[in-house]
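Structural overview
Spelled out from the first residue to the last, the chains are:
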Amino acid sequence: MLQPESIAQAAAGLLAQAQASRQRRALLLTGSSDWVFEQARLVLETTGLAATTGWLGNRTPPGISPTAPSKVSRLLGRELPALVVDAYAGFDPDAVGAAVGALCGGGLFLLLTPPLAEWADYPDPEHARIAVAPHGPEAVSGRFLERLARLLTDSRELYRVEQGRPLPALPAEVPAPPPVMIAPPYATEDQRTAVAALLRLATGRARRPLVLIADRGRGKSAAFGIAAAELLAAGPRRLLLTGPRLEAVQGVFEHAGRLLPQAQRQGDTLACGDGWLRFVAPDALAAELPPADLLLVDEAAAIPVPLLTRLLHHYPRIAFATTVHGYEGTGRGFMLRFARALTAQTPDWRRLRLEAPVRWAADDPVERLSFRLLLLDAEAAAGDELIQITPGQVRVELLEREALARDEVRLSELFGLLLQAHYRTRPFDLRHLLDGPNVEIYAQLHAGRVVGAALVALEGGLDAEIGTAIRRGERRLRGHLIPQSLAFHLGLADGPQLRCARIMRLAVHPACQRRGFGRQLVEAVVAAAAARGLDLVGSSFGGDAALLRFWQHSGLWPVRAGMTRTSSSGEHALLVLRALSEPGRLLQAEARRRFLRDLPDQLMQPLRELEPTLVIRLLQGREASLLADAVDREELALFAFMQRSYGDTIGALRRGLLDALARPPGQTKLSAAQWELLVAKVLQGRSWSEVVRLGAFAGRAEALAELRRAVGLLLGDDPR
């Protein structure tokens, strides 16, 4: 092994190894801020990489433009020969995960940090994002950074240079992997197989969706682009492309355009003769549903599942590509959830995994390093160990986070469980769960394995003046989601004064789901919150009827529905509460009274597109304030059994339906589809065309006839 005489010589040796192997190499510079900055500048200058370097930080040498962590999307789609991450500017795990993926094979990764033994005590600028009032940034722990320092100290995937210490010898050269012999335009055999599958999808039988899954750098977007080019070259095609952002799908356009020199690119469209490849943002696509011969969905794990389900229902030929271990969300959690919709709607769907990397050679040390540091490849415990256990065989434990940060096995199982359960779990969530000053972690354990987990945020306990300011919209604090929602949205100024435990994440191992483990975990959180004198336990989640049923069975009842769909889930957020004290009971009762008073009116406008099954769940058991009287029943009978018009009966229909929903469930003979029809048309005021589409009716006449039948069943008999 070579003993370098200078850091620049060491960097040149690492770069030569990287280029010879088409892998990437990592150089860690640890010391004072000025020292690591100057060494990085010299490395880039002597290697000739300065002009083409991506630099994640807030200051750079002349000639290099810095990229703030919030602007890291600017690096996506680029192939960087060098990347610098300056941890003195703050270590944002999401940004680092994204930026490392832009470093191409043969490239050099420079990580600049404080001295590793001191890094945990460094006032990282990212602490401001984690701090929650009344805690300031100084209250944020350094557990995450301490863990990084320990892993970097032990890592064999990097070359570490420490200020004031002799340079270590360069690692031995790794033989270059044998070149893959495959005809262009393909980079790997996996990619050629994927393109062939896409072409079959576009030309074969309909309703057979294709899902491409892979880690980053495996050529998924390139496969989309190559397939699009072949289809457009064969004749005019209408190809739609969607993804989280236009810049995130640039690789698709670039690969298609490279193979179609005659094509013209204008903004979001690549035109080739009478055919085209056009990008449409996911929300616009779901709202407009323009015609297409094939729909390509790139980075599907970053798009809400309800939106994807609507696209799946509408487009007979559709392909999805998603990253397995990604900084924008995990393909494993996405597949666990979305596979159910795929199987229900299109049982002949196909999954195809791309294993061989394209952007760099196999067994890349920087990929291994980034996966370990950010736990991108964390896995839950093996399911075969847990499938037979019962809730009585597990214990629920409040985890001590100092110990958790040092236990890679347990931390990986915990985070792997979150990755599976919540497809938008990101690397920053790892830092937040370890360092958040108001965060607690409850875990269900069996023989040392993590079976379930609840991440809890302690909120509230704010003074009356702050509560009043929040209610007026004059203050907004980081965190404190439930207290602020109670004050601002429901007008309950005393809400922020009560103390609340908010369950941020609840995850149960797939082998143990639907067997009571989730309810046991919620009860453990409730018991712990009650023992410490808190007033409320609550949660906020993307609402659907099945999830709401779970929370209601656990004693948490809805007090608010968000007026718009959230970007993370694509659903309206529901806020649920369970009272633990007398002040909590009074506040919950008033919150529910206001919610149920206003909900029927909200359904006509902001909540007009709320899923009818969820509306039914929210309104069932409601105390009716507008009970249908004898005149209403007469009008309803004329509508149901005669030919009274819908318009003349709207008032009676609305009061009668709210009356029926206030009764205990199961007292009517209506089917689920009839309930949904009544809610969509009568309470939400949806157009006849929407109702026809939702109910798959032949037309308005059939929908109206079914509405009359449903009202007749609601009445029970013909009272004329």
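It should be noted that the structure appears before, not after, this text.
Presented here is an overview of the structure given in this document. (Residues numbered from 1 in each chain as written. Predicted model: local features only at pLDDT ≥ 70, side-chain atom pairs only at ≥ 80, totals over all residues. Heavy atoms only, no water.)

1. Describing the packing of aromatic side chains
Selection criterion: Each aromatic pair joins two rings of Phe, Tyr and Trp (for Trp, the six-membered one) with centres within 6.5 Å, and gets the label stacked for planes under 30 degrees apart, edge-to-face for over 60, and tilted for any other angle. Counting from the N terminus, the helices are the DSSP runs of H or I reaching at least four residues and the strands are the DSSP runs of E reaching at least two. The cut-offs for exposure are 20% and 50% of the maximum accessible area for each residue type, with area from a 1.4 Å probe on protein chains only; residues under the lower value are buried, those over the upper are exposed, and the others partly exposed. Cation placement over rings: the criterion is NZ of Lys or CZ of Arg within 6 Å of the ring centroid and within 35° of the ring normal.
Across all of its chains, the model carries nine aromatic pairs by this definition. Consider the rings of Tyr88 and Tyr122, whose centres lie 5.3 Å apart with planes at 80°: the pair is edge-to-face. Of this pair, Tyr88 sits in the loop between strand 4 (80-86) and helix 3 (93-100) while Tyr122 sits in the loop between strand 5 (103-113) and helix 4 (127-130); the two residues are 34 residues apart in sequence, bridging distant segments of the chain. There is no split in this pair, since Tyr88 and Tyr122 are both buried. Here Phe91 and Phe144 contribute two aromatic rings whose centre-to-centre distance is 6.1 Å and whose plane-to-plane angle is 50°, an arrangement assigned as tilted. Residue Phe91 is found in the loop between strand 4 and helix 3, and its partner Phe144 is found in helix 5 (residues 143-154); the two are separated by 53 residues along the sequence. In terms of burial, Phe91 and Phe144 fall into one category: buried. Three or more aromatic residues joined by ring pairs make a cluster, and in this case those are Phe91, Trp119 and Phe144. Positioned over the ring face of Phe253 is Arg265, at 4.0 Å from the centre of the ring.

2. Description of unusual backbone geometry
A cis geometry characterises the amide bond from Ala133 onward to Pro134, with omega recorded as 5°. Tracing the chain through its elements places Pro134 in the loop between helix 4 and helix 5. Backbone torsion omega between Pro184 and Pro185 reads 10°, so that peptide bond is classified as cis. Tracing the chain through its elements places Pro185 in the loop between strand 6 (159-162) and helix 6 (189-203). A positive phi angle is found at Leu289, which is not glycine, with a value near 50°. Mapped onto the fold, Leu289 is located in the loop between helix 9 (282-288) and strand 12 (294-297). On the basis of relative accessibility, which here comes to 17%, the residue Leu289 falls in the buried class. For Leu375, which is not glycine, the phi dihedral falls at a positive 55°. Summarising the element assignment, Leu375 is placed in the loop between helix 12 (365-374) and strand 15 (395-398). With a relative accessible area of 5%, Leu375 lands in the buried category.

3. A few points about the pairing of strand 7 (residues 210-214)
We apply this condition: Pairing between strands is defined by DSSP: at least two bridges between them are needed.
For strand 7, a buried count of five out of five residues is recorded, marking the element as mostly surrounded by other parts of the structure. Neither face of strand 7 is exposed, since Leu210, Leu212 and Ala214 on one face and Val211 and Ile213 on the opposite face are all buried. By the bridge criterion, five bridges tie strand 7 to strand 14 (residues 350-354) in an arrangement that is parallel. When the bridges of strand 14 are listed, Val211 appears paired with Arg351.

4. Quick word on the environment of Gly257
Mapped onto the elements, Gly257 comes out in helix 8 (residues 250-259). Residue class for Gly257 comes out partly exposed when judged on its relative accessible area of 25%. In sequence terms Gly257 and Arg617 are 360 residues apart; their C-alpha atoms lie 50 Å from each other.

5. Considering the sheet that holds strand 11 (residues 275-279)
Neighbouring strands of a sheet are bound in pairs by backbone hydrogen bonds; such pairs are parallel or else antiparallel. For clarity, the cut-off: Angular values range over 0 to 180 degrees, each being the angle between N-to-C directions of two axes fitted as lines to C-alpha atoms, with helices fitted over their stretch in contact. Throughout, a contact is declared for two residues whenever any of their heavy atoms are within 4.5 Å.
Strands sit in the order 9-10-11-8-12-13-7-14 across an open sheet of eight strands; the sheet is mixed. Each end of this open sheet is capped by a strand with a single partner; those strands are strand 9 (264-266) and strand 14. Shown here is a sheet whose adjacent strand axes are inclined to one another by a mean of 15°, direction ignored. Where helix 6 meets the sheet, it contacts strand 7, strand 12, strand 13 (318-323) and strand 14, and its direction lies at approximately 155° from that of strand 14. Packing of helix 7 (residues 220-234) onto the sheet brings it into contact with strand 7, strand 8 (238-242), strand 10 (269-272), strand 11, strand 12, strand 13 and strand 14, and relative to strand 13 it is tilted by some 155°.

6. Remarks on the environment of Arg351
Note on placement: Arg351 falls in strand 14. By relative accessible area, Arg351 is classed as partly exposed at 46%. In sequence terms Arg351 and Arg565 are 214 residues apart; their C-alpha atoms lie 29 Å from each other. Not counting the four nearest positions on each side in its chain, Arg351 is found in contact with Val211, Ile213 and Met335.

7. Overview of helix 25 (residues 688-695)
For helix 25, the complete set of buried residues consists of Trp688, Glu690, Val691 and Val692. Buried residues along helix 25 sit against helix 24 (672-683) and helix 26 (700-715). Residue Ala696 follows helix 25 closely and has a positive phi angle near 55°.

8. What about the packing of helix 23 (residues 650-662) against helix 24?
For clarity, the cut-off: For classification purposes, angles smaller than 35 degrees are called roughly parallel, those larger than 145 roughly antiparallel, those between 65 and 115 roughly perpendicular, and all remaining angles oblique. Throughout, a crossing is termed right-handed when the near helix is turned clockwise from the far one, and left-handed when it is turned anticlockwise from it by less than a right angle. Classification convention: Asp, Glu, Lys, Arg as charged; Ala, Val, Leu, Ile, Met, Phe, Trp, Tyr, Cys, Pro as nonpolar; all other residues, Gly among them, as polar.
Two elements in contact, helix 23 and helix 24, have axes separated by 10 Å at closest approach and are oriented at 135°. Between helix 23 and helix 24, the crossing angle belongs to the class labelled oblique. Regarding helix 23 and helix 24, the two cross each other, and that crossing is left-handed. From helix 23, Leu653, Arg654, Leu657, Leu658, Ala660 and Leu661 reach across to helix 24, where they touch Trp675, Leu678, Val679, Val682 and Leu683. Here the contact of helix 23 with helix 24 is built from residues that sort into ten nonpolar, no polar and one charged.

9. Re the pairing of strand 10
With three bridges connecting them, strand 9 and strand 10 associate as antiparallel partners. Paired with Gln264 across the bridge in strand 10 is Ala271. Linkage of strand 9 to strand 10, two consecutive antiparallel strands, is achieved through a turn of two residues, within which Gly267 is found at a positive phi near 60°. One ladder, built from four bridges, connects strand 10 with strand 11; its direction is antiparallel. Note that in strand 11 the partner of Thr269 across the bridge is Arg278.

10. Some remarks on the nonpolar core
Rules: The criterion is simple. A nonpolar core is a set of buried Ala, Val, Leu, Ile, Met, Phe, Trp, Tyr and Cys residues joined through side-chain atoms within 4.5 Å.
Grouped together as the largest cluster of nonpolar side chains are 85 residues, with contacts concentrated most on Phe91, Trp119 and Leu433. Beyond its immediate stretch of four places on either side in the chain, Phe91 contacts Val96, Leu111, Trp119, Asp124, Glu126, Phe144, Leu145, Leu148, Leu374 and Arg431. In this structure, Val525, Val537, Ala561 and Leu714 belong to the second largest nonpolar core, which totals 60 residues.

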